[in-house]
Amino acid sequence: MTAAPILPERSEWTVDDLDDLPKDLPYELVNGRLIVPSPTPLHQFVCARVMFALEMHCPDDYFVSMDQSLAVDRRNEPRPDVVVIRVEQANRSPVPVQDAILAVEVVSPDSTIRDRYDKARLYGAAGVPAYWVIDPLREKITLTELLLSPKGGYEPSVETDGMVTIDRPWKVTMDLPAWTARRRAVLERGA
């Protein structure tokens, strides 16, 4: 059993401080705050389903990745649960945020505010054309698609808990009711 790393105490983190962290530690930096996530298997189930749906018709010019750091600025290096990037960046980390065309966050109990508000502002200000927030904490798993507005920031485009086909960044179909049923079945067995 390995011991948990002891992290330096800082009230404000920058990307320069990330060099002090263990290289195998998953982290993200949002508004100068260091976050070390610990996702559940159900969270990862939803992430994998999103990635699979995006991969189905992914053009050769793009690459779909899970848990990939995006370089935004000195106080922000978020790590979307799923991200679509230009294929030229597929062997780089962190990826420059301007090469991301879609960021997807799957809400966790401790990330609701960060995913719905902080990251929406961050990705919108950085110019990521589309942002999906998937919420598996509700009775039915929901997807909210946000698109960049010409006025700045994001505007809601789609919010659903049903079977959905979205045409951006290309045709993507997701069976949210099937995901909800699988989650429910897993949780009932664990009760």
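Source: prediction; values computed, not measured.

It is worth spelling out the overall build of the protein chain at this point. Across its full length, the protein chain carries 3 helices and 12 strands. Taken over the C-alpha trace, the protein chain has a radius of gyration of 17 Å; the compact-globule value for 191 residues is 16 Å, and the two agree within 12%. For the protein chain, the C-alpha atoms occupy an extent of roughly 45 × 45 × 30 Å along the three principal directions. Out of the 191 residues belonging to the protein chain, those deemed buried represent 45%. About 10500 Å² of surface is accessible on the protein chain, with carbon and sulfur atoms providing 51% of the total.

Attention now moves to the packing of aromatic side chains. Evaluated as defined, the whole model comprises 3 aromatic pairs. Residues Tyr123 and Tyr131 carry aromatic rings whose centres are separated by 5.1 Å and whose planes lie at 65° to one another, so their mutual orientation is edge-to-face. Like Tyr123, the residue Tyr131 is buried in the burial classification. Among the aromatic residues, those joined into a cluster by ring pairs are Tyr123, Tyr131 and Tyr154. Directly above the aromatic system of Tyr27 lies the positively charged group of Arg79, at a separation of 5.8 Å from the ring centroid.

Reading across from one edge, E3-E5-E7-E8-E9-E10 is the order of the 6 strands in this open sheet, with mixed pairing throughout. For this open sheet the edge positions go to strand E3 (62-66) and strand E10 (154-160), each flanked by a neighbour on one side alone. Strand-to-strand twist in this sheet, taken as the mean axis angle between neighbours without regard to direction, amounts to 20°. Inspection of the sheet shows strand E9 (residues 142-148) paired to E10 by 6 bridges, in the antiparallel sense. Across the sheet, Thr144 pairs through a bridge with Glu159, a residue of E10. Helix-sheet contacts for helix H2 (residues 112-126) involve strand E7 (100-106), strand E8 (130-135), E9 and E10, and the interaxial angle to E8 is about 170°.

Definitions and limits used
Residues numbered from 1 in each chain as written. Predicted model: local features only at pLDDT ≥ 70, side-chain atom pairs only at ≥ 80, totals over all residues. Heavy atoms only, no water. Helix = DSSP H or I, 4+ residues; strand = E, 2+ residues; numbered from the N terminus. Rg over C-alpha atoms; globule rule 2.2 N^0.38 Å. Buried < 20%, exposed > 50% of the residue type's maximum accessible area, 1.4 Å probe, protein only. Areas by Shrake-Rupley, 256 points an atom, 1.4 Å probe, with all protein chains shown as cover. Phe/Tyr/Trp six-rings, centres within 6.5 Å; stacked < 30°, edge-to-face > 60°. Lys NZ or Arg CZ within 6 Å of the ring centre and 35° of its normal. Pairing = 2+ DSSP bridges. Axes fitted to C-alpha atoms, helices over the stretch in contact; angles between N-to-C directions. Contact = heavy atoms within 4.5 Å.

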